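Below, each chain spelled out in residue letters.
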There are 2 protein chains.
Amino acid sequence: MEITRKDLIDFKERKFPKTICFNPIGVIHSEFKSLKGIPIQSSMSESKGSIEIFPKYSDGLEDLDGFSHIHCIYFFDMVKLPVPLQSKPFLFDKNVGVFSMRTPFRPNPIGLSILELLEIKDNMLYVNNLDILDKTPVLDIKPYVPQFDNRETNKIGWLTGSIRDKVS
Amino acid sequence: MEITRKDLIDFKERKFPKTICFNPIGVIHSEFKSLKGIPIQSSMSESKGSIEIFPKYSDGLEDLDGFSHIHCIYFFDMVKLPVPLQSKPFLFDKNVGVFSMRTPFRPNPIGLSILELLEIKDNMLYVNNLDILDKTPVLDIKPYVPQFDNRETNKIGWLTGSIRDKVS
């Protein structure tokens with residue numbers, strides 16, 4: 001199906017939204033049934049599990065099995081808002097701004113994990129590297145493409161010296 | 001400020017959400033005033049611009065200037081829903097599933113771009129590599145950390161052979 005202009009709103013109707021709402025497209029099945037022991041990053045996890053994509057979205061999975069990794073975007077549904085804008089991250093001993101860390105406790109509690117995609121069966125994605133609580137609502141899946149997504153940099157702010165050089 | 005258990009909802013109250021709503025934390029200022037000529041990936045763009053973080057969230061930017069790159073998560077507000085679950089991507093000549101491509105036309109129109117962070121002045125982030133329409137609502141900013149975010153893989157599905165080897 002070709003996407004055409006009619007799939008866009010009219011520029012004249014464009015208004016900056018106060019609220020933006022989404023419907024979950026799926027749900028995480030992981031071994032992490034409580035908040036204890038969840039790895040702090042997917043790159044540090046060897047935990048396997050699955051992402052159930054709701055059947056009405058199954059057709060959107062076509063060709064995804066050709067990719068070894070995915071971006072999983074999800075909702076930290078356990079977070080109570082509002083959150084503090086600065087707090088002490090796990091790997092550091094002073095407060096930093098919420099946008100300079102990866103904490104779930106964010107003004108918009110959106111999570112981003114890069115997961116290895118092991119297999120797809122019907123509407124189930126079997127994945128590795130899970131760092132996500134069981135029953136977490138999933139918002140989007142995108143293919144991971146190193147040519148688009150890898151950046152070489154050593155400038156990692158307050159994290160300098162506090163993470164192992166290479167974890168993956 | 002230490003985050004404690006009271007910042008979480010009670011597990012007993014946890015219910016899978018039908019709808020998930022967010023408030024934008026900022027807005028994109030880019031040279032792309034219409035949909036023509038927007039680069040298809042941030043890794044292919046040298047366009048500079050800014051992200052205005054709304055003043056109420058400014059304190060969340062503390063220490064972000066130590067990072068050279070950021071993940072910017074935003075809302076494709078021009079997309080009219082529902083979208084087709086399969087369509088022809090820009091770099092290919094057959095239909096593929098929406099979750100195996102990076103099109104804005106997604107069930108939840110969430111965008112993800114990795115941007116170079118040039119400078120922060122007050123609540124303005126000056127950035128490079130913009131591939132985002134002007135006035136786009138921003139949902140979240142996270143630091144980019146290669147030790148967390150880089151994956152080595154050659155398995156890139158239908159994109160194999162259709163993108164330049166290294167673009168960054």
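Throughout what follows, the structure given in this document is the object of discussion. Every chain is numbered on its own, with residues counted from 1 as its sequence reads. To label them, take the chains in the order written and letter them from A, then take the ligands in the order written and number them from 1. Totals for whole chains, interfaces and linings use all residues, but because this is a predicted model, local features are given only for residues with pLDDT of at least 70 and pairs of side-chain atoms are given and counted only at 80 or more. By convention in this description, side-chain values take in all heavy atoms of the structure and omit both hydrogens and water.

As for the overall build of chain A
No. 1: Numbering of helices and strands starts at the N terminus; helices are DSSP runs of H or I of at least 4 residues and strands are runs of E of at least 2. The secondary structure content of chain A amounts to 1 helix and 9 strands.
No. 2: When the helices and strands of chain A are read in sequence order from the N terminus, they spell out β-β-β-β-β-β-β-β-β-α.
No. 3: With respect to the principal axes defined by its C-alpha atoms, chain A has extents near 50 × 40 × 35 Å.
No. 4: Throughout, exposure labels follow a simple rule: accessible area from a 1.4 Å probe, protein chains only, divided by the maximum for the residue type, with under 20% read as buried, over 50% as exposed, and the rest as partly exposed. Buried positions account for 58% of the 168 residues belonging to chain A.
No. 5: Expressed as a percentage of contacts within chain A between residues at least 6 apart in sequence, the contacts between residues at least 24 apart total 77%. We call two residues in contact whenever any of their non-hydrogen atoms come within 4.5 Å of each other.

Re the interface of chain B and chain A
No. 1: On the side of chain A, 106 residues touch chain B, which itself brings 106 residues to the contact.
No. 2: Values labelled buried area give the accessible surface lost by two parts on being combined, using a 1.4 Å probe and summing over both. Across the chain B to chain A interface the summed buried area is about 10,300 Å²; carbon plus sulfur atoms make up 62%.
No. 3: By definition here, a salt bridge exists when the distance from a side-chain nitrogen of Lys or Arg to a carboxyl oxygen of Asp or Glu is within 4 Å. Summed over the shared surface of chain B and chain A, the number is 8 salt bridges.
No. 4: B:Asp149 is paired through a salt bridge with A:Arg102; the nearest N and O atoms lie 2.8 Å apart.
No. 5: Secondary-structure elements contributing two or more residues to the side of chain B that touches chain A are β1 (20-22), β2 (26-29), β4 (69-75), β5 (86-87), β6 (96-97), β7 (110-121), β9 (137-143) and α1 (146-149) of chain B.
No. 6: Among the elements that line the side of chain B that touches chain A, the one with the most residues is β9(B), at 6 residues.

Here we look at unusual backbone geometry
Comment: phi is negative for the bulk of residues other than glycine, and the bulk of peptide bonds are trans.
Residues and elements named next belong to chain A.
No. 1: Geometrically, the link from Leu81 to Pro82 is a cis peptide bond, its omega value of -5° lying close to zero.
No. 2: Here Pro82 is to be found in the loop between β4 (69-75) and β5 (86-87).
No. 3: A positive phi angle, close to 75°, is found at Asp63, a residue other than glycine.
No. 4: Tracing the chain through its elements places Asp63 in the loop between β3 (49-53) and β4.

A look at the sheet that holds β2(B)
Residues and elements named next belong to chain B.
No. 1: Here, strands pair whenever DSSP counts at least two bridges between them. Strand order in this closed barrel of 6 strands is β2-β3-β8-β7-β4-β9, and the pairing throughout is antiparallel. Going from strand to strand, the sheet's axes swing by 45° on average, the running direction of each strand aside.
No. 2: Taken together, the 7 bridges between β4 and β7 define a ladder with antiparallel strand orientation. Bridged to Phe75 within β7 is Ile110. Note on method: axes are straight lines fitted to C-alpha atoms, helices fitted across the in-contact stretch only, with angles between N-to-C directions ranging 0 to 180 degrees.

Things to note about the relation of the copies chain B and chain A
No. 1: Fitting of the copies onto one another was done by least squares over C-alpha atoms, counting residues only where both copies have pLDDT of at least 70. Turning chain B through 180° and shifting it by 0.0 Å along the axis lays it on chain A, with an RMSD of 0.0 Å. Each copy turns onto its partner about a two-fold axis. In terms of C-alpha distance to the rotation axis, chain B has B:Cys21 as its closest residue, with the C-alpha 2.0 Å off the axis.
No. 2: By residue overlap, the copies meet face to face through one surface: 100% of the interface positions of chain B are interface positions in chain A.

Here we look at the environment of B:Val27
No. 1: Along the polypeptide, B:Val27 turns up in strand β2.
No. 2: Ignoring sequence-local partners within four residues, the contact set of B:Val27 consists of A:Phe16, B:Ser50, B:Ile51, B:Glu52, B:Phe54, B:Lys135, B:Thr136 and B:Val138.

Quick notes on the packing of aromatic side chains
No. 1: Side-chain rings of Phe, Tyr and Trp (the six-membered ring for Trp) are treated as a pair once their centres are within 6.5 Å; stacked means planes under 30 degrees apart, edge-to-face means over 60, and tilted covers the remaining angles. Within the structure shown, the criterion is met by 9 aromatic pairs over all chains.
No. 2: Both rings, one in A:Phe75 and one in B:Phe22, keep their centres 5.7 Å apart while their planes meet at 75°; by these two values the pair is edge-to-face. Of this pair, A:Phe75 sits in strand β4 while B:Phe22 sits in strand β1, on two different chains. In terms of burial, A:Phe75 and B:Phe22 fall into one category: buried.
No. 3: Ring geometry for B:Phe92 versus B:Trp158: centroids 5.4 Å apart, planes at 45°, classification tilted. In this pair, B:Phe92 sits in the loop between β5 and β6 while B:Trp158 sits in the segment after α1, placing the two residues 66 residues apart along the sequence.
No. 4: Residue class for B:Phe92 comes out partly exposed when judged on its relative accessible area of 25%.
No. 5: The exposure class of B:Trp158 is buried, given its relative accessible area of 10%.

What about the side chain of B:Asn128?
Residue and element names in this part refer to chain B.
No. 1: Residue position: Asn128 is located in strand β8 (residues 124-128).
No. 2: For Asn128, a relative accessible area of 4% gives the class buried.
No. 3: Non-local contacts of Asn128, meaning those with residues more than four positions away in its chain, are made with Ser45, Glu46, Ser47, Lys48, Leu115, Glu116 and Leu118.

Some words on the sheet that holds strand β7 (residues 110-121) of chain A
Residues and elements named next belong to chain A.
No. 1: Read around the closed barrel, 6 strands run β2-β3-β8-β7-β4-β9, paired in antiparallel fashion. Each neighbouring strand pair of the sheet contributes to a mean axis angle of 45°, computed without reference to strand direction.
No. 2: Both β7 and strand β8 (residues 124-128) contribute to a ladder of 5 bridges, which runs antiparallel. Across the sheet, residue Glu116 finds its bridge partner in β8, namely Asn128.

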